[in-house]
Amino acid sequence: MASQQLLFNSVLKENFSPQERAPQAWMVILGFVLLTVVCYFAGAAGMLRLVFPATALLVGLFLYFRHPLLYIGFTWWIWFITPLVARLIDYRIGWDPTRQILITPYLVVFVCIGTFLRYLPSSIRQGGLPFFLGFIGVFYGFLVGLIYNAPIPVARGLLDWLSPIIFGFHLFTNWRDYPSYRQHIQRTFLWCVLILGAYGVYQFVVAPEWDKYWLLESKMFTSSGNPEPFGMRVWSTLHSVGPFGSVMQAGLLLLFTRTGFLIFPASIVGYLSFILAQARTNWGGWLLGVVLILGSVKAKIQMRLITIILIMAICVVPLTTIEPISEIVISRFESFSNLENDTSFRDRSGSYDRNLSIALSNGLGNGLGNIWKVNEKTGQIEVFVIDSGVLDIFFTLGWFGAVPYLGGLILLVINVSKYTESRFDSFVSAARAIGISFCLQLVISSGMLSIGGMMLWGFLAMAMAAHKYYQHQGIK
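Residues numbered from 1 in each chain as written. Predicted model: local features only at pLDDT ≥ 70, side-chain atom pairs only at ≥ 80, totals over all residues. Heavy atoms only, no water.

Peer 1: A description of the layout of surface pockets should follow, citing residues and the corresponding values.
Peer 2: Its volume calculated, the second largest pocket comes out at about 690 Å³. Residue lining of the second largest pocket: 24 residues in total, with I29, F32, V33, W77 and I81 positioned closest to the centre. Of all the secondary structure elements, the ones that give two or more residues to the lining of the second largest pocket are helix 2 (18-41), helix 3 (48-66), helix 4 (68-93) and helix 9 (178-206). Among the elements that line the lining of the second largest pocket, the one with the most residues is helix 4, at ten residues. Tallied by class, the residues present in the lining of the second largest pocket amount to 19 nonpolar, four polar and one charged. (1 Å grid on protein atoms, 1.4 Å probe; cavity = no way out; pocket = protein on both sides within 12 Å on 5 of 7 lines; lining within 4 Å. Points joined across faces, edges and corners; volume = space filled by probe spheres on them. Helix = DSSP H or I, 4+ residues; strand = E, 2+ residues; numbered from the N terminus. Nonpolar A, V, L, I, M, F, W, Y, C, P; charged D, E, K, R; others polar.)

Peer 1: Could you give me a rundown of the pattern of salt bridges, with the residues and numbers involved?
Peer 2: Between side chains of opposite charge, pairing is possible as soon as their charged atoms come close. Evaluation of the coordinates by the stated rule reveals seven salt bridges. Between D96 and R49 there is a salt bridge; the shortest N-O distance is 3.9 Å. Of this pair, D96 sits in the loop between helix 4 and helix 5 (104-109) while R49 is found in helix 3, placing the two residues 47 residues apart along the sequence. Given a relative accessible area of 10%, D96 falls into the buried group. The class of R49 is buried, set by a relative accessible area of 15%. Note that D90 and R99 form a salt bridge whose closest N and O atoms lie 2.4 Å from each other. Taking relative accessible area as the criterion, R99 reaches 18% and is therefore assigned buried. Overlapping salt bridges bring together R49, D90, D96 and R99 as one network. (Salt bridge = Lys/Arg side-chain N within 4 Å of Asp/Glu carboxyl O. Buried < 20%, exposed > 50% of the residue type's maximum accessible area, 1.4 Å probe, protein only.)

Peer 1: Break down the side chain of T188 for me, with residues and values.
Peer 2: Among the structural elements, T188 can be located in helix 9. Overall, T188 belongs to the buried group, its relative accessible area being 6%. Setting aside residues up to four positions removed in sequence, T188 forms contacts with G73, W76, W77 and F80. (Contact = heavy atoms within 4.5 Å.)

Peer 1: So what's going on with the environment of W76? Which residues, and what values?
Peer 2: Relative to the assigned elements, W76 resides in helix 4. With residues up to four places along the chain from it excluded, the contact list for W76 reads F167, I185, T188, F189, M454 and M455.

Peer 1: Lay out the packing of aromatic side chains in plain terms, naming residues and giving numbers.
Peer 2: One pass over the structure, following the stated rule, counts 36 aromatic pairs. Ring plane angle 50° and centroid distance 6.5 Å describe the contact between F169 and F172, whose orientation is recorded as tilted. Of the two residues, F169 and F172 are both situated in helix 8 (residues 151-173); the distance of three residues between them amounts to about one turn of the helix. Comparing F169 with F172, the two get one shared label, buried. Between Y178 and Y469, the aromatic rings sit 5.9 Å apart at their centres with planes inclined by 45°, giving tilted as the arrangement. You can see Y178 sitting in helix 9 and its partner Y469 sitting in helix 20 (residues 450-473), a full 291 residues away along the chain. Each member of the pair, Y178 as well as Y469, is classed as buried. Lying over the aromatic face of W175, K468 brings its terminal NZ or CZ to 5.5 Å of the ring centre. (Phe/Tyr/Trp six-rings, centres within 6.5 Å; stacked < 30°, edge-to-face > 60°. Lys NZ or Arg CZ within 6 Å of the ring centre and 35° of its normal.)

Here you go:
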């Protein structure tokens, strides 16, 4: 595998040095942004529904081959901003029920399928077994889906399930460049928390017209709040509260591994928007992540993290006492002490009571695409959400697919739990905490799919890459 990796790197460097590739890469990214802006304001917003995914794919391909590091950051940002671009287009030219532009992040991720196909066979004995097991489970579900379900929903399901696995494997395979990947991901999520957090606060206070329009047309106002200032649950640039909560959960935990003058403004808007999202599952995931980080680092780093947490609390808590924010925050926190009367908790409990035995008795599974159905009245494909990753896995993959898929995840968690590098590398501790917290959240959410899955598989993969890198360097 090492010789193959060196050969692949030599191909990338054949025509351009790293110094030459970076300016070219940024010019390509800037050209993509300018093209999007020009099309939007020049009366060609409708074209963007096709142009945006196509050009993003081309940029992804270019970065993958010419500047692999920037490909990682570009992929994350496409996940972060595509839903906002979709809302802006809808507001300008009308609602698109197909939501076809939301396929963009999956197209960019699938660029690294080349890494998966090239290195997976040789990496199984070198740490890649969990990704192989995950792939086997998803591929089984894909085959069953082709038998029982319509092709388009099956293809859509494949994107949701497989994208996190191949992206995580891509990060793991590039373990030799772990320090630069670590720094780039830290920088990406720092700006993510700052920008998405600031827009989230703006969204809550102002309620932009394009967000109100999306809320009404998507009929998400029952779960995402009222389309008015101070009435929305924050979802920022993402397409709903859950994905935004997942991004901020990971981003805020990663801020503990960074220093610099942007940390405090990013933390203030990040935590405030995170609270206003009212995503209790992600609040719990963040708290678990903090506990895992504090329990795995040296005492000196523990004191620094506790100091940061206290300073953030001093900055953020006073803001939550301002009306109407205080009323929202207090009512949401009070729901923890009154779960038996909480609608969301009752729905999830009822779902387990009704479906757990059915799911566990489903040997073959329903296949990918089973939660995508055609509405007989509108003829549109709609998704029926299952608020449990455990139920979703067994319903979709059955025992034959769930055993290898869950086996891969469990193997990942067991492996990263043994690593000792977190004592001197706080990023390893944070990445492990993010991955494990997302795994445990599968009990109450399908966090192995879409952007939640990207966090789960991606950060566990980074922890594995760090371990392999330090092993190679002889550092323990």
